[in-house]
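For reference, the chains in residue letters:
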Amino acid sequence: MSDEQIRVRFAPSPTGFLHIGGARTALFNYLYARHNNGVMVLRIEDTDSERSTDEYIEAIIDGMKWLGLDWDEGPFRQTERSSIYEEYAKKLLDRGEAYFCYCSAEELEAKRQKAQSEKRPYKYDGKCRNIQNGGEPILDSGRHPVIRFKMPIDGQTVIEDLIKKKVIFENKVLDDFIIVRSDGMPTYNFVVVVDDIDMGITHIIRGDDHLNNTPKQVRLYMAFGKTPPVFAHLSMILGADKTRLSKRHGATSVQAYRDMGYLPEALINYLARLGWSYKDQEVFTKGELIEKFTLESVGSSSAVFNPEKLLWLNSEYIKKSNPKALIPDVIGFLIKENIVKAGYSPDSDWLAKAIITLQERSRTLIELARSLKYYINDDIDIDEKAGAKYINVNTHQYLIAVKDGIDTMEVISEKAIEQLFFSLMERFGVKLGQIAQPVRVALTGNTVSPGIFEVIDIIGKEKTLRRLNKAINSVI
Ligand code: GLU
């Protein structure tokens, strides 16, 4: 295998949105491919026609693009590959590794019930195993047969999994499973192996919910005369209560995190740490992840999803972002939050300056957009308690003095505003907060905001004066 090019695949079933677990599988495949200069294949496993939809395919592809997980080949759709599966099924029939089975559903159900009443595990009894017809179905049987794979009756199938290590399955518990249904539809275990052979996949990195399928798949490889790929089964992601992560634990789709104002870099960083670690480092750029990722350092125990940690990482990434790069997404959230109308196109230098003041204090882009409200909209709501406490007869004189000071400035700047505040502190013999808090409430509606000098500078002279006047006039 040493000189062989590494080829991995992400093979989602489009029966739902891209969720945290799927995205982690996609990421680990991506990192492994990129770390090893390999190839990443995207394959849509849409043979379950009742549950697969084009909308989910689009959502999965969208989610991957948003996360920046690009692939090299595909997307291939299994529903467009039926002739390949037919060809491979025929190969197994010709080799005597598979056979037509004519047992009816009722017959099998009766056998299943009998086994249940006798407290035996049910397994197909191989009744049709030895019906020979030169690899062709018996047409006058009056039934549409299924095709079953001949599993070995005894012995073991051993998987040397990179993460789970050695896993042994007793062949006698595995039955002759169906590879093609009576309506001609091939089944999951079969198509997955055909595709992985056909696409030259060397490493299968996927969730350990597929571990029990692996012996069947390994036997299929052997029946085709192929060496199975390397398997790496990732342990499930759990919620805080240690049960498998699901909707009960809150948002689980990638889309939901995007809509809540998470940055893709933060989510990627977080997902990477769900099962993989590198010393005690927590924050990784994508480049570092590619450089450092190995399957050997993926742990075998389940990772617990921790939304607070993800939120923390998100705030770290917001802090580090180039403010201008955040603008398109921030505008999207401003529109969604009804702070501005569609088509809003502010001066980007001004908006970047406003964003800079909020990066340190916003954990999501939604929080950031909501805080931008008082920079953008003149209509601010003054918090009742804050208004009562800070805009009253005692603070009236400070508000008037700040308003007069700003009014006389030709152009305002942070520096000039700072000087004004310091001279007023001296004049009134008070501390900064005593002047700044009333002004802050008058301008932003609340008691918490970035530094008052920068806030005034960003709001601008005209709007500042208007808001100060409004506050002054509200005191009787
Ligand atoms: N389509 C399967 C799933 O979404 C993955 C199959 C595989 O990775 O082998 O669970």
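As a reminder, the structure under discussion sits directly above these lines.
First, a word on what this report is: a plain description of the structure on this page.

About the criteria used
Positions within a chain are numbered from 1, following the residues in the order the chain's sequence is written. Owing to the predicted nature of the model, reporting of local features is limited to residues with pLDDT of at least 70; listing and counting of side-chain atom pairs is limited to 80 or more, with chain, interface and lining totals taken over all residues. To get the side-chain values, take all heavy atoms of the structure and skip hydrogens and water. The helix count covers DSSP runs of H or I at least four residues long, the strand count covers runs of E at least two residues long, and both are numbered beginning at the N terminus. This radius of gyration counts C-alpha atoms alone. The globule rule is 2.2 Å times how many residues there are, raised to the power 0.38. Each residue is assigned to one of three classes by its accessible area relative to the maximum for its type, calculated with a 1.4 Å probe on protein chains only: buried under 20%, partly exposed between the two thresholds, exposed over 50%. Working rule for contacts: check all heavy atoms of both residues, and any pair within 4.5 Å makes them a contact. As used throughout, the charge tally considers Lys and Arg to be positive and Asp and Glu to be negative, leaving His and the chain termini uncounted. Think of each charge as sitting on NZ of Lys, CZ of Arg, CG of Asp or CD of Glu. Throughout, near means a residue has at least one heavy atom within 4 Å of the molecule or strand. Pairing of N or O atoms within 3.5 Å defines a polar contact, subject to two protein rules: one partner must be a possible hydrogen donor and the other a possible acceptor, and residues neighboring in sequence count only if both atoms are side-chain atoms. Note on areas: Shrake-Rupley, 1.4 Å probe, and residue coverage restricted to the protein chains presented here. Lining residues are defined by having an atom within 4 Å of a point belonging to a cavity or pocket. Those points lie on a 1 Å grid over the protein atoms alone, cavities being sets where a 1.4 Å probe fits but cannot get out and pockets being open sets with protein on both sides within 12 Å along at least five of seven lines. Those molecules having more than half of their atoms within 2 Å of a cavity or pocket grid point set are described as sitting in that cavity or pocket. In the scheme used here, Gly and all other residues not listed as nonpolar or charged are polar, with Ala, Val, Leu, Ile, Met, Phe, Trp, Tyr, Cys and Pro taken as nonpolar and Asp, Glu, Lys and Arg as charged. The definition of a nonpolar core used throughout is a set of buried Ala, Val, Leu, Ile, Met, Phe, Trp, Tyr and Cys residues joined through side-chain atoms within 4.5 Å. Grid points are joined across faces, edges and corners, and a volume is the space filled by probe spheres set on the points. A carboxyl oxygen of Asp or Glu within 4 Å of a side-chain nitrogen of Lys or Arg is what we treat as a salt bridge.

The next subject is the overall build of the protein chain. Each helix and strand counted, the protein chain has 19 helices and 12 strands in total. The C-alpha radius of gyration computed for the protein chain amounts to 32 Å, which surpasses the reference 23 Å derived for 476 residues by more than 25%, pointing to a less compact arrangement than a globule. Residues classed as buried in the protein chain amount to 50% of the 476 residues present. Counted over contacts in the protein chain with a minimum sequence separation of 6, partners at least 24 positions apart contribute 76%. Considering the protein chain, the positive charge centre built from 64 side chains and the negative charge centre built from 67 side chains are found 4 Å apart.

Turning our attention to the site of the ligand. Looking at the ligand, the residues that line it are Arg-9, Ala-11, Pro-12, Ser-13, Glu-45, Tyr-188, Val-192, Arg-206 and His-210. A distance of 2.7 Å is found between an oxygen atom of the ligand and a side-chain nitrogen or oxygen belonging to Arg-9. When the free accessible area of the ligand is taken as 300 Å², the share hidden by the protein chains comes to 80%. Judged by the proximity of its atoms to the pocket grid, the ligand belongs to the largest pocket. Grouping the amino acids of the shell around the ligand by side-chain chemistry returns 4 nonpolar, 2 polar and 3 charged.

On to the environment of Ser-117, then. Mapped onto the fold, Ser-117 is located in helix H4 (residues 105–117). Among the residues examined, Ser-117 registers a relative accessible area of 59% and is labelled exposed. At 2.8 Å, the side chain of Ser-117 forms a polar contact with the backbone oxygen of Lys-114.

Formed by 110 residues in total, the largest nonpolar core has its most connected members in Met-64, Leu-372, Tyr-375, Phe-421 and Val-439. With sequence-adjacent residues up to four places away left out, Met-64 is seen in contact with Phe-10, Leu-18, Ala-26, Met-40, Leu-42, Leu-69 and Trp-71. If you look at the next biggest cluster of nonpolar residues, it comprises 44 residues, including Leu-92, Val-146, Phe-190 and Ile-197.

Taken as a whole, the largest pocket spans an internal volume of roughly 1400 Å³. What lines the largest pocket is a set of 45 residues, and nearest its centre among them are Ser-13, Thr-15, His-19, Asp-209 and His-210. Of all the elements in the fold, those that place two or more residues in the lining of the largest pocket are strand S1 (7–10), helix H1 (20–35), helix H2 (54–67), helix H5 (188–198) and strand S9 (203–207). Here the lining of the largest pocket takes 6 residues from H1, the largest share from any one element. Partitioned by chemical class, the residues of the lining of the largest pocket number 17 nonpolar, 17 polar and 11 charged. Its volume calculated, the second largest pocket comes out at about 420 Å³. Together, 19 residues line the second largest pocket, and Glu-86, Leu-93, Phe-100, Ile-147 and Val-180 are the ones closest to its centre.

This part covers the environment of Ala-354. Structurally, Ala-354 is set in helix H12 (residues 348–359). As for Ala-354 and Met-409, which are separated by 55 residues in sequence, their C-alpha atoms are 21 Å apart. Apart from the residues lying within four places of it in its own chain, the contact partners of Ala-354 are Leu-372, Tyr-375 and Ile-458.

This part is about the pattern of salt bridges. Per the counting criterion, the structure on display carries 39 salt bridges. Here Glu-73 ties to Arg-7 by a salt bridge, and the two come within 2.7 Å at their closest N and O atoms. Here Arg-7 lies in strand S1 and Glu-73 lies in strand S3 (residues 73–77), a separation of 66 residues in the sequence. On the accessibility criterion, Glu-73 (27% relative accessible area) is partly exposed. Classification of Arg-7 by relative accessible area gives buried; the value is 16%. Across the pair Arg-467 and Asp-378 runs a salt bridge whose closest N-O atoms are separated by 3.2 Å. Taken together, the residues span a long stretch of sequence, with Arg-467 in helix H19 (residues 461–474) and Asp-378 in the loop between helix H13 (365–376) and helix H14 (384–390) at a distance of 89 residues.

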